[in-house]
Amino acid sequence: MVDGNSSGNNDFRYSIRIPYVRTGTQIALVVMMNPATANNLVSDSTINNVLTRIYNERREVKEVIIVNLYPLYETYSSELELHQQQSELNFERISLLLNTVDFAVLGWGKPKGASARKLNEIKYHNHALKVISMLQQADIPAFKVGELREDLYPKHLGRAPFATLISEINLDYLSKKLRGIL
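Starting from 1, residues in each chain are numbered consecutively following that chain's sequence as written. The predicted origin of the model limits local features to residues at a pLDDT of at least 70 and limits the giving and counting of side-chain atom pairs to 80 or more, whereas totals for whole chains, interfaces and linings rest on all residues. Based on all heavy atoms of the structure, the side-chain values leave hydrogens and waters out of the count.

Peer 1: Would you mind going over the pattern of salt bridges with me for this structure?
Peer 2: Opposite charge on two side chains makes pairing possible when the charged atoms of those side chains draw close. A carboxyl oxygen of Asp or Glu within 4 Å of a side-chain nitrogen of Lys or Arg is what we treat as a salt bridge. On inspection of all chains with the given rule, the structure shows 5 salt bridges. The salt bridge involving glutamate 60 is made with arginine 58; its shortest N-O contact spans 2.6 Å. Where glutamate 150 meets lysine 110, a salt bridge forms, and the shortest distance between an N and an O atom there is 3.3 Å. Of this pair, glutamate 150 sits in the loop between strand S6 (142-145) and strand S7 (166-168) while lysine 110 sits in the loop between strand S5 (103-106) and helix H3 (116-121), placing them 40 residues apart in sequence. By relative accessible area, glutamate 150 is classed as exposed at 51%. The buried label applies to any residue whose accessible area, calculated with a 1.4 Å probe on protein chains only, is under 20% of its type's maximum; exposed applies above 50%, and partly exposed to all values in between. On the basis of relative accessible area, lysine 110 is assigned to the buried category, the value being 18%. Strands are runs of DSSP state E lasting at least two residues, helices are runs of H or I lasting at least four, and both sets are numbered from the N terminus onward.

Peer 1: Explain the packing of helix H4 (residues 124-137) against helix H5 (residues 171-181) here, please?
Peer 2: Helix packing for two helices is described by the angle between their axes and how far apart those axes are. Each axis is a line fitted through C-alpha atoms, and for a helix only the stretch in contact is used; angles between axes span 0 to 180 degrees, taken between their N-to-C directions. Where H4 meets H5, the axes come as close as 10 Å, and the angle between the chain directions of the two elements is 150 degrees. What the angle tells us is that H4 and H5 run roughly antiparallel. H4 and H5 meet at a crossing whose hand is left-handed. Of the residues in H5, those in contact with His125, Ala128, Leu129, Ile132, Ser133, Leu135 and Gln136 of H4 are Leu171, Asp172, Leu174, Ser175, Leu178, Arg179 and Ile181. Here is the rule for angles: anything less than 35 degrees is roughly parallel, anything more than 145 is roughly antiparallel, 65 through 115 is roughly perpendicular, and the remaining ranges are oblique. Crossing handedness: left-handed means the near helix sits turned counterclockwise from the far one by under a right angle, and right-handed means the same turn made clockwise. Between two residues, a contact is recorded if the distance between any of their heavy atoms is within 4.5 Å.

Peer 1: What is the right way to read the environment of tyrosine 76 from this model?
Peer 2: Take tyrosine 76: it is sitting in the loop between strand S4 (61-68) and helix H2 (84-97). Tyrosine 76 sits in the exposed class, given a relative accessible area of 58%. For the pair tyrosine 76 and glutamate 63, spaced 13 residues apart in sequence, the C-alpha separation works out to 27 Å.

Peer 1: Would you mind showing me how to read the side chain of threonine 46 here?
Peer 2: Its place among the elements puts threonine 46 in helix H1 (residues 45-57). What makes threonine 46 buried here is its relative accessible area of 18%. Filtering out sequence-adjacent residues up to four positions away, threonine 46 remains in contact with Met32, His156 and Gly158.

Peer 1: I'm lost on the pairing of S4 in this one. Help?
Peer 2: Looking along a regular strand, one sees the side chains alternate between the two faces of the sheet. The buried fraction of S4 amounts to 7 of the 8 residues, a majority that puts the element mostly inside the structure. Should DSSP find at least two bridges between two strands, the strands are regarded as paired. Summarising the sheet, strand S3 (residues 26-32) and S4 pair through 7 bridges and their orientation is parallel. What sits directly across from alanine 28, in S4, is valine 64. Considered for its hand, the β-α-β crossover made up of S3, H1 and S4 is right-handed. With the strands aimed away from the viewer, a crossover counts as right-handed if its path from the first strand over the helix to the second runs clockwise.

Peer 1: Would you mind going over the environment of leucine 106 with me for this structure?
Peer 2: Looking at where leucine 106 falls in the secondary structure, it is placed in strand S5. Separated by 57 residues in the primary sequence, leucine 106 and asparagine 49 have C-alpha atoms spaced 14 Å apart. Discounting residues that sit within four places of it in the chain, leucine 106 has contacts with Val31, Leu135, Ala142, Phe143, Lys144, Pro154, Lys155, Leu157, Ile169 and Leu171.

Peer 1: Explain the nonpolar core here, please?
Peer 2: If you look at soluble globular proteins, the nonpolar side chains tend to sit buried side by side. Ranked by size, the top nonpolar core spans 39 residues in total, and within it Leu29, Leu106, Trp108, Tyr124, Val131 and Leu135 carry the most contacts. Going through the elements one at a time, S3, S4, H2, S5, H4 and H5 are the ones with two or more residues in this core. Take this core: its biggest share by element is 7 residues, from H4. Definition of nonpolar core: a set of buried residues of the types Ala, Val, Leu, Ile, Met, Phe, Trp, Tyr and Cys, connected through side-chain atoms within 4.5 Å.

Here it is, written out as structure tokens:
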């Protein structure tokens, strides 16, 4: 099931739910940067990689819910824009989902070639910090794939090799690093 833009245009995706056809008891929340092309009719390579990784590594998962720091469909992360109203709605919807999930996997990476000015302009670090704070307040354990990029950014889940496994992430550490930038 896809939670898209309620106004009827397809510029935004707030969440996408994908159940596995297997017995399991847990629901995983995956937080990435922004949707590229996947919707309720067609998947994309990132979604496929995420689903394969969680299916193989976390046998207890019965469903995956994918959300993003930004709900805007944009194939090229360097072209991300801040849409304040949609971002606020996005965070509201993520907050509601936290009541239904057992753990989160973070994989938003860093927009390719984005300058510090661009990251500030789109409030990138603020968005990441908001999600981390929500996870901490809800006491949701969080994981990443491999090491943090630049000791700050959870690696993009669609690009990490399958040999690199999911491991727990220290949200307090990441929160402090992000606050140091703001």
